[in-house]
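Fold and contact review
Single-letter residue listing:
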Amino acid sequence: MKHLAMTPVKRAALALTAAVLALTACGSGTEEAKPAADGSPATLRIGYQLIPNGDLIVKDQQWLEKALPNTKIVWSKFDSGGDVNTAMIAGSLDIGLAGSSPVTRGLSAPLDIPYRVPWIFDVIGDNEALVARGGVTDVKGLAGKRVAAPFASTTHYSLLAALDEAGLSEADVKILDMEPPDIQAAWQRGDVDAAYVWTPTLAELQKNGGTTLVTSRELARRGKLTADLAVVSDDFAKKYPKALHVWLQQQDRAVKLVRSDKDAAAAAIGRQLNLDPAEAARQLGQLVLLDATEQRSAEYLGTPSAPGKFAENLRSSAEFLKGQQKVDAVPELSVFQKGLATQELADAFAGS
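Residues numbered from 1 in each chain as written. Predicted model: local features only at pLDDT ≥ 70, side-chain atom pairs only at ≥ 80, totals over all residues. Heavy atoms only, no water.

Along its length, the protein chain carries 17 helices and 10 strands. The C-alpha atoms of the protein chain give 20 Å as radius of gyration, which agrees with the globular expectation for 352 residues (20 Å, within 12%). With the C-alpha coordinates aligned to their principal axes, the bounding extent of the protein chain is approximately 65 × 65 × 40 Å. Counting the 352 residues in the protein chain, one finds 53% classified as buried. Excluding contacts between residues fewer than 6 apart, the proportion of contacts in the protein chain whose partners are at least 24 apart in sequence is 77%. (Helix = DSSP H or I, 4+ residues; strand = E, 2+ residues; numbered from the N terminus. Rg over C-alpha atoms; globule rule 2.2 N^0.38 Å. Buried < 20%, exposed > 50% of the residue type's maximum accessible area, 1.4 Å probe, protein only. Contact = heavy atoms within 4.5 Å.)

This is the structure we're talking about:
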């Protein structure tokens, strides 16, 4: 019998499906509890990552627990946006954090995850960067070199953008698919010449002979923006709009705390990351945080009647993922415009 070839996208989808089945088979308590008497959800399941942004402040200060006293807030740590996507498909999360590349993949076929983006946690800045050693001082100098990055990640996207700007193609360098801990080990062994990675691995490479060639902040200014995003399941947003509004309001509160009292914000983040306040403040300063007004601007999420330019950024990311065979096709811009939860965001700050 002749076997049909399986594309990388289909293999990835099959692997993800298997992971979801394994997760649900574990009896992880994904059945939704009954709403509280006041209509608020009995449980709000949040997937967070160890990124020094406002989400960790909300967690540290227990603002959601105080604002939703009849709801049990469950915080679960994730290491990647891909894992958040898996949990969302399994119905194990209501709200999660993932980078713009994983979210783009989630909104595209074959995943087509029923979720939307109600908030941009941060525009990635100096905490993701391309560093090199061995006398390489600019991106053009990477020709023929070994460069590491986690494939299909925000840094992989940024790496290819940086190479393109410098007039180099993927074929001009040897790109190695490595997770951050592996990158650090390979750097120490001398197995790689450069890497595009995030903190804390980035900081270690910079301390150990790494010269920064370009940062994601610089690429964002030139139109290649990457970000850490919130995703909320369509089902939760529909059933519990008031709870989602409260969640959004607390995120805005965290951004305002960063701007009004950076010491207090850094102390909160430091507790969550086990960092001293000075280092937490340094890492916090590497990100661009947006308050609710900025989130609703034309540059970012926009409004219900005029979805923001961020949808175009997600489509650009989809083009990148298609080239990496991580999505079946590049969706129409309207798919990403609908993927922005602009109505929920507008309702949460109506009158403000």
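Let us now look at the packing of helix H6 (residues 154–165) against helix H15 (residues 310–323). Where H6 contacts H15, the two axes come as close as 11 Å, and the packing angle between them is 85°. With respect to H15, the axis of H6 lies roughly perpendicular. On H15, the residues touching His-156, Tyr-157 and Leu-160 of H6 are Asn-313, Ser-316, Ser-317 and Phe-320. When grouped by side-chain class, the residues that make up the contact of H6 with H15 number three nonpolar, four polar and no charged. (Axes fitted to C-alpha atoms, helices over the stretch in contact; angles between N-to-C directions. Parallel < 35°, antiparallel > 145°, perpendicular 65-115°, else oblique. Nonpolar A, V, L, I, M, F, W, Y, C, P; charged D, E, K, R; others polar.)

Here we come to the packing of helix H2 (residues 54–61) against helix H12 (residues 262–273). Two numbers describe how H2 lies on H12: the axes approach to 9 Å, and their chain directions differ by 80°. Taken together, the axis directions place H2 and H12 in an arrangement best described as roughly perpendicular. Counted together, Leu-56, Ile-57, Lys-59, Asp-60 and Gln-61 of H2 and Ala-265, Ala-268, Ile-269, Arg-271, Gln-272 and Leu-273 of H12 form the full contact between these two elements. Split into classes, the residues belonging to the contact of H2 with H12 amount to six nonpolar, two polar and three charged.

Most of helix H4 (residues 81–90) sits inside the fold, with seven of its 10 residues counted as buried. Every buried residue of H4 is accounted for by Gly-81, Val-84, Asn-85, Thr-86, Ala-87, Met-88 and Ala-90. Looking one or two places after H4, you find Gly-91, whose phi comes out positive at around 75°.

Once that is clear, we can look at the pairing of strand S8 (residues 194–198). The two faces of the sheet receive side chains in turn, since in a regular strand these alternate between them. Of all the five residues making up S8, four are buried; the element is thus mostly covered by neighbouring parts of the structure. Bridge count between strand S5 (residues 128–132) and S8: five bridges; the pairing is antiparallel. Residue Ala-132 lies in a different strand from S8, and its bridge partner there is Ala-194. Pairing analysis gives two bridges linking strand S6 (residues 146–149) to S8, with the strands arranged parallel. Within S8, the residue paired with Ala-148 across the bridge is Ala-195. (Pairing = 2+ DSSP bridges.)

Before going further, it helps to examine unusual backbone geometry. Looking along the chain, the bond that leaves Ala-109 and enters Pro-110 is cis, with omega of 15°. Counting through the fold element by element, Pro-110 comes out in the loop between helix H5 (100–107) and strand S4 (115–123). A cis amide bond links Thr-199 to the next residue, Pro-200, at an omega of 10°. Relative to the elements of secondary structure, Pro-200 occurs in the loop between S8 and helix H8 (201–207). In this model, Asn-274 sits at a positive phi of 60°, which is unusual for a non-glycine residue. Here Asn-274 falls in the exposed class, since its relative accessible area comes to 72%. One non-glycine residue with positive phi stands out, namely Gln-325, at about 60°. With respect to the secondary-structure elements, Gln-325 resides in the loop between H15 and helix H16 (333–338).

Take the sheet that holds S6 next. One open sheet holds the five strands; their spatial order is S7-S6-S8-S5-S9, and the pairing between them is mixed. Edge positions in the open sheet fall to strand S7 (174–177) and strand S9 (211–215), since each of these has one partner strand only. With direction set aside, neighbouring strand axes in the sheet form an average angle of 25°. The sheet contact formed by S6 and S7 spans four bridges and is parallel. In the strand pairing of S7, Arg-146 is matched with Lys-174. Strands in contact with H6 are S5, S6, S7, S8 and S9; relative to S8, the strand with the most contacts, it is inclined by about 135°. Contacting S5, S6 and S8, helix H7 (residues 180–189) runs over the sheet at an angle of about 145° to S8.

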